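Reading the structure
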Number of protein chains: 2
Amino acid sequence: MDKYNLNFKLDEVPKYIQISKHIKKLIDSDFIEDGEKLPSIRKLSDLLGVNNDTIINAYKRLQVEGYAVQKVGSGTYAKRKEISRNFKKDYSDTLKKLSPSILNQYVDFTGETASSEFFPVSTFKMVINEVLDRDGAEALTYQELLGYEGLRNNINKYFWNNKLSTEDVLIVSGAQQGIDIVSKALLNVNDNIIVEKPTYSGALSVFKGRRTNIYEVPMLQDGIDLNQFEKILKKNKIKCFYLMSYFQNPTGMTYSLSKKKEILDMAEYYDFYIIEDDYLSELIYDENIEYKSFKAMDDSDRVIYIKSFSKIFLPGIRIGYLIAPVKFRESIQNSKVNSDISTSSLMQRALSLYIEKGFWREHITSLKDIYANRYKYMEDKIMQILCDKVCFNSPGGGLNFYLQIDSSSKVNSIDLFYKCKESGVLLTPGVLFHKYPKEGEEYFRLGFSQVSNEKIEKGLNIINNMLKSE
Amino acid sequence: MDKYNLNFKLDEVPKYIQISKHIKKLIDSDFIEDGEKLPSIRKLSDLLGVNNDTIINAYKRLQVEGYAVQKVGSGTYAKRKEISRNFKKDYSDTLKKLSPSILNQYVDFTGETASSEFFPVSTFKMVINEVLDRDGAEALTYQELLGYEGLRNNINKYFWNNKLSTEDVLIVSGAQQGIDIVSKALLNVNDNIIVEKPTYSGALSVFKGRRTNIYEVPMLQDGIDLNQFEKILKKNKIKCFYLMSYFQNPTGMTYSLSKKKEILDMAEYYDFYIIEDDYLSELIYDENIEYKSFKAMDDSDRVIYIKSFSKIFLPGIRIGYLIAPVKFRESIQNSKVNSDISTSSLMQRALSLYIEKGFWREHITSLKDIYANRYKYMEDKIMQILCDKVCFNSPGGGLNFYLQIDSSSKVNSIDLFYKCKESGVLLTPGVLFHKYPKEGEEYFRLGFSQVSNEKIEKGLNIINNMLKSE
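Residues numbered from 1 in each chain as written. Chains lettered and ligands numbered in written order. Predicted model: local features only at pLDDT ≥ 70, side-chain atom pairs only at ≥ 80, totals over all residues. Heavy atoms only, no water.

- Chain A is annotated in an unreviewed UniProt entry as Transcriptional regulator from Clostridium omnivorum.
- Turning to chain A, the UniProt record has this under Sequence similarities (unreviewed entry): "In the C-terminal section; belongs to the class-I pyridoxal-phosphate-dependent aminotransferase family." (UniProt positions renumbered as here; feature names shortened; annotations may be inferred.)

Observations concerning the relation of the copies chain B and chain A
- After a rotation of 180 degrees and a shift along the axis of 0.0 Å, chain B superposes on chain A with an RMSD of 0.1 Å. The transformation just described matches what one would write down for a two-fold rotation axis. No C-alpha of chain B approaches the rotation axis more nearly than that of Val64(B), which lies at 2.2 Å.
- Mapped onto chain A, 100% of the interface residues of chain B again fall at the interface, so both copies present the same surface. (Least-squares fit on C-alpha atoms with pLDDT ≥ 70 in both. Contact = heavy atoms within 4.5 Å.)

Notes on the packing of helix α2 (residues 41–48) of chain B against helix α3 (residues 52–64) of chain B
All names here are of chain B.
- Put simply, α2 and α3 touch, their axes get as near as 8 Å, and they point 115 degrees apart. Note that α2 runs across α3; the crossing there is right-handed. Within the contact between the two elements, α2 uses Ile41, Arg42, Leu44, Ser45 and Leu48 and α3 uses Asn52, Ile55, Ile56 and Tyr59.
- Tallied by class, the residues present in the contact of α2 with α3 amount to six nonpolar, two polar and one charged. (Axes fitted to C-alpha atoms, helices over the stretch in contact; angles between N-to-C directions. Helix = DSSP H or I, 4+ residues; strand = E, 2+ residues; numbered from the N terminus. Left-handed = near helix turned anticlockwise from the far one by under 90°. Nonpolar A, V, L, I, M, F, W, Y, C, P; charged D, E, K, R; others polar.)

Some remarks on the interface of chain B and chain A
- On the side of chain A, 59 residues touch chain B, which itself brings 59 residues to the contact.
- A combined buried area of about 4,900 Å² lies between chain B and chain A, and 56% of that area is made up of carbon and sulfur atoms.
- Residue Lys184(B) is joined to Asp180(A) by a salt bridge in which the shortest nitrogen-to-oxygen separation is 2.5 Å.
- Here chain B is connected to chain A by 13 residue pairs in polar contact (both at pLDDT 80 or more). (Buried area = accessible area lost by both parts, 1.4 Å probe. Salt bridge = Lys/Arg side-chain N within 4 Å of Asp/Glu carboxyl O. Polar contact = N/O pair within 3.5 Å; in protein donor to acceptor, adjacent residues only side chain to side chain.)

Focus: helix α8 (residues 175–186) of chain B
All names here are of chain B.
- Look at α8: 16 Å from first C-alpha to last across twelve residues, which is about the 16 Å you get at 1.5 Å a residue.
- Judged by how many residues are buried, α8 sits mostly within the fold: twelve of twelve residues are covered.
- Buried within α8 we find Ala175, Gln176, Gln177, Gly178, Ile179, Asp180, Ile181, Val182, Ser183, Lys184, Ala185 and Leu186. (Expected span 1.5 Å × (residues − 1). Buried < 20%, exposed > 50% of the residue type's maximum accessible area, 1.4 Å probe, protein only.)

Regarding the packing of helix α12 (residues 329–340) of chain A against α8(B)
- Interaxial distance between α12(A) and α8(B) falls to 5 Å at its minimum, and their mutual angle equals 100 degrees. The orientation of α12(A) with respect to α8(B), classified from their angle, is roughly perpendicular. For the pair α12(A) and α8(B), contact is made by Val337(A), Asn338(A), Ser339(A) and Asp340(A) and by Gln176(B), Gln177(B) and Asp180(B), respectively.
- In terms of residue class, the contact of α12(A) with α8(B) is made up of one nonpolar, four polar and two charged. (Parallel < 35°, antiparallel > 145°, perpendicular 65-115°, else oblique.)

Quick word on the side chain of Ser281(B)
Residue and element names in this part refer to chain B.
- Following the sequence through the fold, Ser281 ends up in the loop between β9 (273–278) and β10 (303–308).
- Here the side chain of Ser281 touches Asp278 through a polar contact of 2.7 Å, side chain to side chain.
- Each residue touching Ser281, except ones within four places of it in the same chain, is listed here: Tyr246, Phe247, Tyr291 and Lys307.

Things to note about the nonpolar core
- Formed by 262 residues in total, the largest nonpolar core has its most connected members in Phe229(A), Ile463(A), Phe229(B) and Ile463(B).
- Residues within four places of Phe229(A) in sequence aside, it is in contact with Ile194(A), Val217(A), Ile224(A), Phe241(A), Ile263(A), Met266(A) and Phe272(A). (Core = buried A, V, L, I, M, F, W, Y, C linked by side-chain atoms within 4.5 Å.)

As for the side chain of Glu196(A)
All names here are of chain A.
- With respect to the helices, strands and loops of the structure, Glu196 is situated in strand β5 (residues 192–197).
- The buried charged residue Glu196 lacks any salt bridge, with Lys259 as its nearest oppositely charged partner at 9.8 Å.
- Polar side-chain contacts of Glu196 include one of 3.3 Å to the backbone nitrogen of Met244.
- Reaching out from Glu196, the side chain makes a polar contact with the side chain of Tyr255 at a distance of 2.6 Å. (Lys, Arg positive; Asp, Glu negative; His and termini not counted.)

Remarks on the sheet that holds strand β10 (residues 303–308) of chain A
Residues and elements named next belong to chain A.
- A sheet is described by the order of its strands in space; here eight strands give the open sequence β4-β11-β10-β9-β8-β5-β6-β7, paired in mixed fashion. Of all the strands in the sheet, the pair left with one neighbour each is β4 (169–172) and β7 (223–224).
- Alignment of β10 against strand β11 (residues 320–323), held across four bridges, turns out to be antiparallel. When the bridges of β11 are listed, Ile306 appears paired with Leu322.
- The strands that helix α10 (residues 226–235) touches are β5, β6 (213–220), β7 and β8 (238–243); relative to β6, the one it contacts most, it runs at about 160 degrees.
- Each of β4 and β11 is contacted by α12, which is oriented at about 20 degrees to β4, the strand it contacts most. (Pairing = 2+ DSSP bridges.)

Focus: the pairing of strand β1 (residues 68–71) of chain A
Residue and element names in this part refer to chain A.
- Pairing of β1 with strand β2 (residues 75–78), which is carried by four bridges, proceeds in the antiparallel orientation. Its bridge partner being in β2, Val69 is matched across the sheet by Tyr77.
- Following β1, the chain reverses through three residues before pairing antiparallel with β2; Gly73 in that reversal takes a positive phi of roughly 75 degrees.

Side note on the pattern of salt bridges
- According to the stated counting rule, one finds 55 salt bridges over all chains in the structure shown.
- Note that Arg349(A) and Asp135(A) form a salt bridge whose closest N and O atoms lie 2.8 Å from each other. Of this pair, Arg349(A) sits in helix α13 (residues 345–356) while Asp135(A) sits in helix α6 (residues 121–135), placing them 214 residues apart in sequence. No difference in accessibility class separates Arg349(A) from Asp135(A), as the two residues are buried.
- Asp46(B) serves as the salt-bridge partner of Arg42(B), at 3.8 Å between the closest nitrogen and oxygen. Placement of both Arg42(B) and Asp46(B) in helix α2 is noted, with a separation of four residues, approximately one turn of the helix.

Side note on the sheet that holds strand β5 (residues 192–197) of chain B
Residue and element names in this part refer to chain B.
- An order of β4-β11-β10-β9-β8-β5-β6-β7 is seen for the eight strands of this open sheet, with the pairing classed as mixed. For this open sheet the edge positions go to β4 (169–172) and β7 (223–224), each flanked by a neighbour on one side alone.
- In this fold helix α7 (residues 149–159) packs onto β4 and β11 (320–323), with an angle of close to 115 degrees to the strand it touches most, β4.

Side note on the packing of aromatic side chains
- Counting across every chain of the model gives 70 aromatic pairs over all chains.
- Arranged with centres 5.1 Å apart and planes meeting at 50 degrees, the rings of Phe313(B) and Trp360(B) form a pair that is tilted. Here Phe313(B), found in the loop between β10 and β11, pairs with Trp360(B), found in helix α14 (residues 359–386); they are 47 residues apart in sequence, far enough to count as distant.
- You can call Phe313(B) buried: its relative accessible area is 1%.
- Exposure remark for Trp360(B): the relative accessible area of 5% places this residue in the buried category.
- Joined through ring pairs, the aromatic side chains of Phe119(A), Phe124(A), Phe159(A), Trp160(A), Tyr305(A), Phe309(A), Phe313(A), Tyr321(A), Tyr354(A), Phe359(A) and Trp360(A) make up one cluster. (Phe/Tyr/Trp six-rings, centres within 6.5 Å; stacked < 30°, edge-to-face > 60°.)

Written out as structure tokens, the structure is:
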């Protein structure tokens, strides 16, 4: 309780404000952990020698500011803005500091997107020139609010068999923006949201930024644990559930058809919405995996579908799209306008023509071949080199493996990260995908999109040594 | 008070939640106006037959959700998410529905950006091709977190005489994104922010979306009214002041040097930060106006400077940049990453080369000539055609005039909008630039960037008729 003590200032600032500021500082500087229960009102009022109302007001203020959440019948709990922040910062600083030429000397397993070495620059250049010749300055002005109509048409035609209408599609500047604008339109302070555990850190950051209450449900091999999921739904009014339907990041798991159906039924019954992040479903290597998105099965308009083109195509293009339930369209569209008005129109037109001319399909087919082979190679090598030190499930698609360090090894993935870095290997510790620090320490992710076969073997051998040396 | 009545449901939902939901609905559906004082706790508890605590809890909940704000010693006030929403929607729907070919038949005074007819497509095409030949697929991958280094270098060199460091500049996807990411990084629910009155509606929407408390200070000819400004600063802890330093949108007013200095001093004294939206300072026609941004005068790191390239260059390019005080850099940078990861890298590289090769300067010089002439023509014609029906100040730069309808005319600008639309003229009513509905009704904005001299005369004559006909 000591940390709660403070010397009240003799100025006109009311005591409840001084108390709430003090606690805020304790939360921000890690003296109070995220999710930690704050002292009871009586206890704290005794300690500080103030009356109960002062503490009640201080706690209310913390709630308003999103620093605390009250659980009925249980008390008040601290809520931190950004967790495991220090390591997260260290991780991103490490990657940031490495210039492309230095990075080339590393075995870099942190890549999340298709490698630029396979990108058909000359074809894309041709397409851009054709667009500029065809549309002139038009290609560089604002688009319609929903995005370039030609692109929306082609998305409907080539990816949805014309089952949508052109008005259903909203162009966004990548999937990250999709998550951000949906959050701004739908989520307010202290709204409840469920995420997969572990989950994509970029989504976690957005939900934390909105100061929502985040519930995590563990991932199993065919999607989240439905029992735990329903327990939460029964107890709390949930607004949204954020998921990745194929090759979930980081676990690589894919939802079974039956689980999708059950979740859609629950969405209707418990009145929540599904944010489906379909970020990599083009890369299915396992023939037993069928592609059917939540959105395709969504009869009751419960799914906000977000599609990224950046992961598979090229990140620098910054284009994705979103299909929202009718009732949210206006607010999400406003949210897009307030975020960046519109997405680069030249890029939209170029991508549209690229799809229309059949280059997209061609490119994806060749990428899939390349990565299916690399996937197989990586899978074999992990089993060969790391077999007794990790366990993992084969995702059957995507661009990474998620490995659990065997309990016989004493090393956690943060230590592993630092050690491997020293030896020229970069990997992504599991802690980055969790709401609370310390969780996910026994996992790490290896992405193979940027790594040649030769480097894969070299990198895995180094990881093996690091896991052994403990 | 009738509207506050409700029949409590006999279920387990606590009464204070039922009450807060009811009031929320009343606010959302306009039965309670934004800024309207809610009934006192005693009054409402009497009316509903519940005890005081229930109302206190209901009001607290409204506060947490950003639907109410408590003013010390005065009571609780409603806060609406989006004001004058119906007209705003109607306005944007009207513009949205007009296809480019139909829009061509209108006299369109709603334009805010330089016309695409002057855009040097072939030069830009050449630059894009040069970038793709030079950088290959690199031009289409993620950039450094701050944006393409070459562009940041050139911004420093060509716009800041190398007075900055390259690390000071953060590339964003247009000024709107700049406002959005700064808000996400700095502003929380119920934080206090000051804006100019009237102000840019895109900024207002963002601040409302963060559920901040917005204070408005009237614009005078040389910037805001400092007396009113300081009164607010004395009474409230203000976090930010959002302003447009040159040719303020919509008033066209420009800050005097002395006022800039005073505001910067106040920022230090009262501990707030200035968000400077420098959206159009390239187009200065009046020789007496000197260009010196708040940022250039900022000795105590109080200014968050946001620069748009879209207004003057081409909107479809979606690039701007931001210079933030050192203490906010990390959080603003994170906010950018969480918003859309990075800005289109090909566009960044193309713009960088365009600036480097001197095309930027050339383009701006020619644009300035064109628009200075049109500005003069428009100014003359307004005086000639509308002289006895409006009053206005000449901004001395920029792309629009802001006109006040003479009180002898009975028409307000919303009616004027609808009538003019019928007769083929589009204009922007002042209400769009205000926090509260009904305010700004006697003003309208005429942008001349998209209108030829011939059409200017035609359009003004029609407006004249509409103002006369009342």
